[in-house]
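# Structural overview for review
Here's the letter readout for the chains.
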Amino acid sequence: MYLKKNIAVLAFSLSLYSVPQIVCAQDTQKTIEITSQFKPSLMPASKIGFTATPAPIDSVRPKLQYNIPVQNLSFNFYPAPLKPLAYEYDNTEQTSVNKNYVKAGFGNFGTPFLKAAASFGDGVKSNSMLEGNFTRSKGKLPNQQFAQWGLKGHHAQTISNSQELYLNAGLSGLNVRKYGLIDQETDADILKNSFNSLNLNATFTNQVEKDAAIYYSPSVDINFMGGSRSATDIYAAFSAPFEKKMNEDLSVLLGLKGSVSKFKAGDANFSNNLFMLSLAGKFNIGDNIRVKAGVIPSWSKGEFKLLPDIQTDFLISGSDFIFQAGWQGYYKEQSFQTLIKTNPWIEYASYDVRNTLYNEFYGAFKAVVDNHLSFRVKAGYAKINNMSLFANHYALNNRYYVVNEANMNVFSIAGELSYIKADDFQWFNTLKFNKYGGLDALPNAYGLLPMEFSSNARAKIMKGLYAKADLYGFGGTWYNKLDATSGKLKAGYDLNLGAELNIKSNFDVWLQFSNVFNNNYQRFNLYQNLGFQVMGGIIYRF
């Protein structure tokens, strides 16, 4: 009992010592009331603030690089060569599924057709392809016949992650005869122009990656041709373009290019050579202007020319349209092989053949309208030195000779339109007008086309069925009449239709109609085309 009293007294004493207090006593009952300023409570826990600091505002205008594909719309103002009569038979040849195939057929005018291709390699590090073809025809006119064959191989090899090697080799043959004159001599050796060629090419290139030091793509070409009446022509060329990208807005270009050729047939012979050194820079002005500016020192047959190389692209803001303007000097190399690609009926002679020089001013407008449609329109004026013209003999009207025109000019308008919708439909169109003037050697531009157009369409009609349509036309060119005056040939046009149908997994049948309207046009005087042709056959894929 005593212990309990002592503990109570101790507790009461401590409470009086630790807190302020007021004590009130009453007579009837003792009451103690304690009023405290302390109020127990839990303090809020501290928290770490995770609020991120806003990023600073970037006031620098973004620099956007516009690079619309060229779409292969580059035009040089010289006549495109016309292949010999019935030179190429072709249908849609949908070989994307099986790269190996044999295509065979037969048509009127005693025309067999054979074409085959085979591919090798893994398609990643190496890829090779071997192709061959043969066809011939014989028309209704005396000596109206031709034959063509070819065998070529391609190989692509990846050397490293950024380097590739391309090799090409080919053998080809073309046999034609001079025809059109009823009372011409019948000596087959005189009338026959036969050409067999060996072509070799090698290209070594690298792929530009980010900060690649230098882009390069050197190549070498060697062509050897042997013809009837012991004719030979050797052509060798090299090209070595280099490009150093300094930064996003500036690149420096250096290029070397050269060629030599020599033709000989009995007493007839001529040679040609060309060497060029190109120096240029490519740079951007702001976001919408791209410029290439440079010079090309050149030597053609020892004659020095300093050629301009100025090209400018102006992107129209807020659109995909580009305006182009330029001043360019360039050569079209000439050899006997380039001449017979345009006119295989020329006579063997010691021609004054020189490389053709163009000094051209042009303006163009192009656009990739959407994912399918693109177009380009170009107008230009060019001064031309040493153009090769094709003039026929006054008496023997089907005998053609090459005449060198030292000075002339041409005003040209060209356009190209393409529409591509994957594999379902492709449509390509070209149109070109040429107005020649300033000639001295001949009164008119003999052998050159004043107008040329083409329209080519390919369509997938349904699964396994493909169709095509090709329309080609040209304005008539000048020639010599028997009375020694100038005449002009009629314009020509040619519509071809074709179809291909898959009948089994590996077999297709094909049908082709050529010159549907049977237009007996003449590209060169007296050399009338074969007329309406029909061919058909099978394709085996493996």
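As a starting point, this report considers the structure included with it.

What follows concerns the environment of Leu 495. Tracing the backbone shows Leu 495 in strand S23 (residues 492-502). Judged by relative accessible area, which is 18%, Leu 495 ranks as buried. Each C-alpha atom of the pair Leu 495 and Val 516 lies 5.5 Å from the other, and the pair is 21 residues apart in sequence. The contacts of Leu 495, once residues within four sequence positions are left out, are Asp 470, Leu 471, Phe 513, Ser 514, Asn 515, Val 516 and Phe 517.

Let's shift gears to the packing of aromatic side chains. Applying the stated rule across the entire model yields 29 aromatic pairs. Their ring planes at 40 degrees and their centres at 5.0 Å tell us that Phe 507 and Tyr 540 sit as a pair that is tilted. Highlighted residues: Phe 507 in strand S24 (residues 507-514) and Tyr 540 in strand S25 (residues 533-541), separated in sequence by 33 residues. Under the relative-accessibility criterion, Phe 507 is labelled partly exposed at 36%. Seen from the ring of Tyr 348, Arg 229 lies directly overhead, with NZ or CZ sitting 4.4 Å from the centre. Taking NZ or CZ as reference, Lys 378 lies 4.6 Å from the ring centre of Tyr 362, over its face.

What follows covers the side chain of Thr 356. Along the chain, Thr 356 turns up in strand S15 (residues 356-368). Under the relative-accessibility criterion, Thr 356 is labelled buried at 0%. Of note is the side chain of Thr 356, whose polar atom sits 2.8 Å from the backbone oxygen of Asn 386. Excluding residues within four positions of it along the chain, Thr 356 makes contact with Tyr 330, Tyr 331, Lys 332, Gln 334, Ile 384, Asn 385, Asn 386, Met 387 and Ser 388.

Our focus in this paragraph is the pairing of S24. Only one face of S24 is buried: it carries Asp 508, Trp 510, Gln 512 and Ser 514, and the other face, with Phe 507, Val 509, Leu 511 and Phe 513, is open. Once S23 ends, the chain turns through 4 residues before running back antiparallel as S24. Where S24 meets S25, 8 bridges bridge the pair, whose relative direction is antiparallel. Residue pairing for S25: Val 509 is matched across the bridge by Ile 538.

Scanning the entire structure with this criterion turns up 13 salt bridges. Glu 243 is the partner of Lys 282 in a salt bridge, and the nearest nitrogen-oxygen pair spans 3.4 Å. Of the two residues, Lys 282 is situated in strand S11 (residues 268-285) and Glu 243 in strand S9 (residues 231-247); the sequence distance between them amounts to 39 residues. Lys 282 sits in the partly exposed class, given a relative accessible area of 33%. Looking at Glu 243, the relative accessible area reads 21%, which means it is partly exposed. Salt-bridge contacts for Arg 290 lead to Asp 313; the nearest nitrogen and oxygen are separated by 3.1 Å. Of this pair, Arg 290 sits in strand S12 (residues 289-300) while Asp 313 sits in strand S13 (residues 303-315), and the two are 23 residues apart along the sequence. You can call Arg 290 partly exposed: its relative accessible area is 26%. Judged by relative accessible area, Asp 313 falls into the buried class, the value being 16%. Salt bridges linked by common partners bring Arg 458, Lys 468 and Asp 470 together as one network.

Basis of the calculations
- Residues numbered from 1 in each chain as written.
- Predicted model: local features only at pLDDT ≥ 70, side-chain atom pairs only at ≥ 80, totals over all residues.
- Heavy atoms only, no water.
- Helix = DSSP H or I, 4+ residues; strand = E, 2+ residues; numbered from the N terminus.
- Buried < 20%, exposed > 50% of the residue type's maximum accessible area, 1.4 Å probe, protein only.
- Contact = heavy atoms within 4.5 Å.
- Phe/Tyr/Trp six-rings, centres within 6.5 Å; stacked < 30°, edge-to-face > 60°.
- Lys NZ or Arg CZ within 6 Å of the ring centre and 35° of its normal.
- Polar contact = N/O pair within 3.5 Å; in protein donor to acceptor, adjacent residues only side chain to side chain.
- Pairing = 2+ DSSP bridges.
- Salt bridge = Lys/Arg side-chain N within 4 Å of Asp/Glu carboxyl O.

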